[in-house]
There are 2 protein chains.
Amino acid sequence: MVRKKLPSLSPSETEILRLIWQLNQATVQEVCEKLPVSRNITYATVQTLLRRLEKKGYIKHKTKGKAHVFIPTVQQETVIKRSVGDFIQRLFGGDPIPLMQYLAQHGKINTEDIEELKKLVDK
Amino acid sequence: MVRKKLPSLSPSETEILRLIWQLNQATVQEVCEKLPVSRNITYATVQTLLRRLEKKGYIKHKTKGKAHVFIPTVQQETVIKRSVGDFIQRLFGGDPIPLMQYLAQHGKINTEDIEELKKLVDK
DNA sequence: TGACAACTTGTACATTTGTACGATATTATA
DNA sequence: TATAATATCGTACAAATGTACAAGTTGTCA
């Protein structure tokens, strides 16, 4: 239980961290490859972002060959919880319903998806 | 159709803008009152944020007495659309389903809420 | 083993963001 | 009509953010 007061994440850091989770672990190179070309960001920038993520305690790295392989040190769930909470707070004043409604209407969601959700509801 | 390339909103700006929508229109004073005391932010700061929101084109103001009354110039829907989109992009790679799932599980949502959502789905 | 390619490190730097003070203007009030 | 109370305006300023170059380091391959 080391996780405590994690510093906040900037949008770009969040974007990169998500890829690390998705890949389980990754080098700067690999992260760059996962980013859409349209993102138009240099290797050096991704590297800086990873450096900051490590400094903030969200990832660590081991060395493989001459490259660093970055590994998450924080559960995705933890960050999602906080991020979603903050987001709903500032955009909807804390009420998640409006967000769900918005998604139901504009999120390319169908009735089946909704049906699936019912199973998840913690009743 | 003036709305075009609106500058991005910072978290704090978003927070304040939401209150303007909620109140329909408001003075610095009124916005301050709506903010939870725990937010611990001064009048001057709120004023700066409103100033920036106006400069960015999200609100305008009229003068009432000696105070400014700020009024939204952008539809809430417009900002929600963009904000939610960006958010889902960076935290979930663009797929809204995981977010819905997360909310169904941890968003204090009940089965009825879900049932309601079905009516909204654009099928 | 020497040069090249792939990396990391150190640094930089313009903007944006969050926060707020002090001076000035304006309105209500005693 | 002085004054107090309330506002705005101009400014400031440190920290965070986004972006990236240049120099130094280390495997690798001919």
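Residues numbered from 1 in each chain as written. Chains lettered and ligands numbered in written order. Predicted model: local features only at pLDDT ≥ 70, side-chain atom pairs only at ≥ 80, totals over all residues. Heavy atoms only, no water.

Colleague: Run through the relation of the copies chain A and chain B, naming residues and quoting values.
Modeller: At an RMSD of 0.0 Å, chain A and chain B line up after a rotation of 180° and a shift of 0.0 Å along the axis. Such a turn and shift between the copies fits a two-fold axis. Looking at the interface residues of chain A, 100% of them are also at the interface in chain B, so both copies use one shared face. (Least-squares fit on C-alpha atoms with pLDDT ≥ 70 in both. Contact = heavy atoms within 4.5 Å.)

Colleague: Describe the domain arrangement of chain A, and please don't skip the residues or the numbers.
Modeller: Taken domain by domain, chain A consists of domain 1 (11-72) and domain 2 (76-120). Taking only C-alpha atoms into account, the centre of domain 1 of chain A sits 27 Å from that of domain 2 of chain A. (Domains from an automatic or database assignment.)

Colleague: Which residues make up the interface of chain A and chain B, and what values go with them?
Modeller: Counting from both sides, the interface comprises 40 residues of chain A and, opposite them, 40 residues of chain B. Carbon and sulfur atoms supply 76% of the area buried between chain A and chain B, which totals about 3900 Å² over both sides. In terms of surface lost to chain B, no three residues of chain A exceed Arg90, Leu91 and Met100 of chain A, which account for 16% of the buried area on that side. With its nearest N and O atoms 2.6 Å apart, the salt bridge here joins glutamate 115 of chain B to lysine 118 of chain A. Broken down by secondary-structure element, the contributors of at least two residues to the side of chain A that touches chain B are helix H1 (11-23), helix H4 (76-92), helix H5 (97-106) and helix H6 (111-120) of chain A. The element contributing the most residues to the side of chain A that touches chain B is H4 of chain A, with 12 residues. In the side of chain A that touches chain B, the residues fall into 20 nonpolar, 10 polar and 10 charged. (Buried area = accessible area lost by both parts, 1.4 Å probe. Salt bridge = Lys/Arg side-chain N within 4 Å of Asp/Glu carboxyl O. Helix = DSSP H or I, 4+ residues; strand = E, 2+ residues; numbered from the N terminus. Nonpolar A, V, L, I, M, F, W, Y, C, P; charged D, E, K, R; others polar.)

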